[in-house]
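Tertiary structure, described
Residue strings, one per chain:
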Amino acid sequence: ATGYEYMWKADPKFWGRTSPVLFPFVGAVKDKMFRTKGQTFSMGQHGFARDMDFKLASQTEDTLWFELDSNEETLEKYPYAFVLKIGYQLVENKVNVMWKVENPGSEVLPFSIGGHPAFNVPAQGNNDKKEDYLLTFNGEKSLTYLLLDPASGTALPDQTKTLELTDGTCHIDAHMFDNDALVFDNQIEKAGIAFPDGTPYLELTCHRFPNFGIWSVPGSSFVCLEPWMGRCDDCGFKGDLAEKTNINALNVDEIFNASYEIKIY
């Protein structure tokens, strides 16, 4: 209706994905290894669900649900049984992204889960520059964030930075993402992108999410707004998976539910 294509088209020159789900990890683990059940396992960035095929579980006029179940392949990498369901529901000018995680196993299921939607900036067909656009928040005067260690992709908790805001907004600076994503802990429930004149372009709402990432590739024409339930390891972390920052612990036969909303203008 607006004439815009909002979602990034996964140009592999910059980033060959559009909106992956991050599960059972968000971000990187130290040395690409994690420890659980007295063993050490290898794990790449953002887990493995984003590279697997989900089955269509149900479909209505406005809602789709997809499902991914643990199997022999996943159990070798991550020794826990799970059922991961992702739903998409269209409501007027919004899409609700819904997550359900079920624990069919016999022990507590530790996991992180995150969204990673990428949006075209500038808006498709506009001659603006990405740096002309604004990031918008919920009226805050400033936010604090962590940078990532370039060598390991893990967070540097002792090196917090401040994002200064004017009326809850700031321009997308050309060098904002020179050191990868900006990682926010326990601050963001609403973030958006606005046109150069301040008119809203889109907005993402995620209530009670403990972590949030904002990321882009320098020189590209997209920005990611990333609601996370959990995040990467802190630099130097050597603990067990159960001790990981903001890890979720799902009891046997319990169901974890979370959702976020994307609104376009």
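A brief report on the enclosed structure follows. (Residues numbered from 1 in each chain as written. Predicted model: local features only at pLDDT ≥ 70, side-chain atom pairs only at ≥ 80, totals over all residues. Heavy atoms only, no water.)

Turning to the packing of aromatic side chains, a few remarks are in order. Note on aromatic pairs: each is described by the distance of the centres and the angle between the planes. Scanning all chains against the criterion turns up 25 aromatic pairs. With a centroid separation of 6.3 Å and 70° between ring planes, the pair formed by F66 and Y88 is classed as edge-to-face. Taken together, the residues span a long stretch of sequence, with F66 in strand β5 (residues 63–69) and Y88 in strand β6 (residues 83–91) at a distance of 22 residues. Taking relative accessible area as the criterion, Y88 reaches 32% and is therefore assigned partly exposed. By way of ring pairs, the aromatic residues F23, F25, F34, F41, F48, Y78, Y80, F82, F111 and F256 are connected into one cluster. The aromatic ring of Y80 is capped on one face by K37, whose charged end is 4.5 Å from the ring centroid. One Lys or Arg, K100, reaches over the ring of W65 and ends 5.2 Å from the middle of that ring. (Phe/Tyr/Trp six-rings, centres within 6.5 Å; stacked < 30°, edge-to-face > 60°. Helix = DSSP H or I, 4+ residues; strand = E, 2+ residues; numbered from the N terminus. Buried < 20%, exposed > 50% of the residue type's maximum accessible area, 1.4 Å probe, protein only. Lys NZ or Arg CZ within 6 Å of the ring centre and 35° of its normal.)

Pairing in this open sheet of nine strands is antiparallel, and the strands run β4-β5-β6-β7-β21-β17-β16-β11-β14 from one edge to the other. The open sheet is flanked by β4 (55–59) and β14 (169–171), the only strands paired with a single partner. For this sheet, the mean angle separating the axes of adjacent strands, direction not counted, is 20°. Sheet analysis places β4 next to β5, joined by four bridges and oriented antiparallel. Paired with K55 across the strands is E67, a residue of β5. (Pairing = 2+ DSSP bridges. Axes fitted to C-alpha atoms, helices over the stretch in contact; angles between N-to-C directions.)

The subject of this paragraph is the environment of A258. On the secondary structure map, A258 appears in strand β21 (residues 255–264). Put simply, A258 and M98 are 160 residues apart on the chain and 6.0 Å apart in space, counted from C-alpha to C-alpha. Ignoring anything within four residues of it in the chain, the contact list for A258 reads V97, M98, W99, F209 and M229. (Contact = heavy atoms within 4.5 Å.)

Next up on the list: the nonpolar core. In terms of nonpolar packing, the biggest core is built from 61 residues, with Y78, W99, I113, L135, F137, I193 and L225 touching the most fellow members. With four residues, β21 is the largest single contributor of residues to this core. Judged by nonpolar contacts, the second largest core, of 16 residues, contains V26, V183, V217 and C224. (Core = buried A, V, L, I, M, F, W, Y, C linked by side-chain atoms within 4.5 Å.)

Among the secondary structure elements, D240 is positioned in the loop between β19 (222–229) and β20 (248–250). Under the relative-accessibility criterion, D240 is labelled partly exposed at 28%. Between the C-alpha atoms of D240 and Q39, which are 201 residues apart in sequence, the distance is 9.6 Å. Sequence-distant contacts of D240, defined by excluding residues within four places in its chain, comprise R35, T36 and K37. Here A242 takes part through its backbone nitrogen, which lies 3.0 Å from a polar atom of the side chain of D240. (Polar contact = N/O pair within 3.5 Å; in protein donor to acceptor, adjacent residues only side chain to side chain.)

The next thing to look at is the pattern of salt bridges. One pass over the full model with this rule turns up twelve salt bridges. Of the charged contacts, one joins K9 and E5 as a salt bridge, the two residues approaching to 3.7 Å between their closest N and O atoms. Taking the relative accessible area as the measure of exposure, E5 reaches 27% and is therefore partly exposed. Measuring nitrogen to oxygen at the nearest pair gives 3.9 Å for the salt bridge that ties K55 to D69. Of the two residues, K55 sits in strand β4 while D69 sits in strand β5, which places them 14 residues apart along the sequence. Looking at K55, the relative accessible area reads 47%, which means it is partly exposed. Classification of D69 by relative accessible area gives partly exposed; the value is 29%. Residues participating in the shared-partner salt-bridge network are K55, E67 and D69. (Salt bridge = Lys/Arg side-chain N within 4 Å of Asp/Glu carboxyl O.)

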